[in-house]
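Residues per chain, in single letters:
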Amino acid sequence: MTKQSSLLLRKQLAELNKNPVEGFSAGLVDDDDIYKWEVLIYGPQDTLYEGGVFKASLNFPKNYPLKPPKMKFITEIWHPNVAKNGDVCISILHDPGEDKYGYEKPEERWLPVHTVETIMISVISMLADPNGDSPANVEAAVSIFEMFSLVVCIVSVKTILNGVFLSLQKEWRKDPNGIFKKKVARCVRRSQETAFD
């Protein structure tokens, strides 16, 4: 499997170099080790992460693509689905098969068809739309929940008073108390300062 995984990763790297994908760039940490990648993720537009340049590592197992890589942010980031040590916790990076806790469907977890590109698109999507139901950083999830709860109360009152249905989608970004926004802004500033170190 080692030779096949190495060839597959080299092919993906060549494709990303030939046809870069918006939102991130990727390359090897060491040209002699195809299993250790470094990625730069550009904070998605219209999110609190916009303007940030977040460095992360992807470490592929020798039996890739049967097993997923491990991803870790090197740049500090405040997000419910990123542990305080930088480990990324999203379904696409969880081992294939049944979830022993019953939270994820097998098709949401790792599948051998995933590539560096699909992983990175999922991570960028995660930045734009955090999942507070399964947090790796409980403190970040609680701050989003508290913001969302306040927004739901405000929107509910406005809806009742105005008789108008208002969409709650992505309302967590409003952050009425500014706690989540301040922590993310600090991470964005630091990411800009250290992006190309």
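Criteria and thresholds
- Residues numbered from 1 in each chain as written.
- Predicted model: local features only at pLDDT ≥ 70, side-chain atom pairs only at ≥ 80, totals over all residues.
- Heavy atoms only, no water.
- Helix = DSSP H or I, 4+ residues; strand = E, 2+ residues; numbered from the N terminus.
- Buried < 20%, exposed > 50% of the residue type's maximum accessible area, 1.4 Å probe, protein only.
- Contact = heavy atoms within 4.5 Å.
- Areas by Shrake-Rupley, 256 points an atom, 1.4 Å probe, with all protein chains shown as cover.
- Core = buried A, V, L, I, M, F, W, Y, C linked by side-chain atoms within 4.5 Å.
- pLDDT = per-residue confidence, 0-100.
- Polar contact = N/O pair within 3.5 Å; in protein donor to acceptor, adjacent residues only side chain to side chain.
- Phe/Tyr/Trp six-rings, centres within 6.5 Å; stacked < 30°, edge-to-face > 60°.
- Lys NZ or Arg CZ within 6 Å of the ring centre and 35° of its normal.
- Pairing = 2+ DSSP bridges.

Q: Outline the overall build of the protein chain, listing residues and values.
A: Scanning the protein chain from terminus to terminus reveals 4 helices and 4 strands. Going residue by residue from the N terminus, the α and β elements of the protein chain occur as α-β-β-β-β-α-α-α. Expressed as a percentage of its 197 residues, the buried residues of the protein chain come to 42%. Once local pairs closer than 6 in sequence are excluded, the contacts in the protein chain between residues at least 24 apart make up 58%. Carbon and sulfur atoms make up 55% of the accessible area of the protein chain, which totals about 11200 Å².

Q: So what's going on with the nonpolar core? Which residues, and what values?
A: If you look at the biggest cluster of nonpolar residues, it comprises 42 residues, and the most contacted ones within it are Trp37, Ile41, Leu58, Met71, Phe73, Met120 and Val123. Once you skip the residues sitting within four places of it in the chain, Phe73 turns out to touch Ile41, Phe54, Lys55, Ala56, Val82, Asn85, Gly86, Val88, Val123 and Met126.

Q: Requested: an account of the side chain of Ser5, with residues and values cited.
A: Secondary-structure assignment places Ser5 in helix H1 (residues 2–18). Among the residues examined, Ser5 registers a relative accessible area of 0% and is labelled buried. Setting aside anything within four residues of it in sequence, one finds Ser5 in contact with Tyr35, Lys62 and Tyr64.

Q: Outline the confidence of the model for the protein chain, listing residues and values.
A: Of the residues in the protein chain, 83% reach a pLDDT of 70 or more, and the chain-wide mean stands at 83. Least confident of the elements in the protein chain is helix H3 (residues 138–162), whose mean pLDDT is 54; most confident is strand E4 (residues 70–73), at 98. With pLDDT under 50 throughout, residues 149–172 is counted as low confidence; its partners more than four residues away or in other chains account for 26 contacts.

Q: Can you explain the environment of Trp37? Please cite residues and give values.
A: As for its placement among the helices and strands, Trp37 is situated in strand E2 (residues 36–42). Polar side-chain contacts of Trp37 include one of 2.7 Å to the backbone oxygen of Ile34.

Q: Which residues make up the packing of aromatic side chains, and what values do they have?
A: Overall, the coordinates contain 5 aromatic pairs when judged by the stated rule. Centroid distance Tyr49 to Phe54: 6.1 Å. Interplanar angle 75°. Geometry classified as edge-to-face. As far as burial versus exposure is concerned, Tyr49 and Phe54 are alike and both buried. Seen in terms of ring centroids, Phe54 and Phe73 are 6.4 Å apart; in terms of plane orientation they differ by 85°. Their pairing is edge-to-face. One end of the pair, Phe54, is in strand E3 (residues 53–59); the other, Phe73, is in strand E4, and 19 residues separate them in sequence. For the residue pair Phe54 and Phe73, the accessibility class agrees, reading buried in each case. By way of ring pairs, the aromatic residues Trp37, Phe60, Tyr64 and Trp110 are connected into one cluster. Over the aromatic face of Trp78 sits the side chain of Lys183, whose NZ or CZ is 4.2 Å from the ring centroid.

Q: Residue-level account of the pairing of E2, with values.
A: Across 5 bridges, the pairing between strand E1 (residues 24–28) and E2 is antiparallel. Looking at the pairing, Ser25 lines up with Leu40 of E2. Of the pairings in the sheet, the one linking E2 to E3 comprises 7 bridges and is antiparallel in character. Bridging from a neighbouring strand, Val39 pairs with Ala56 of E3.

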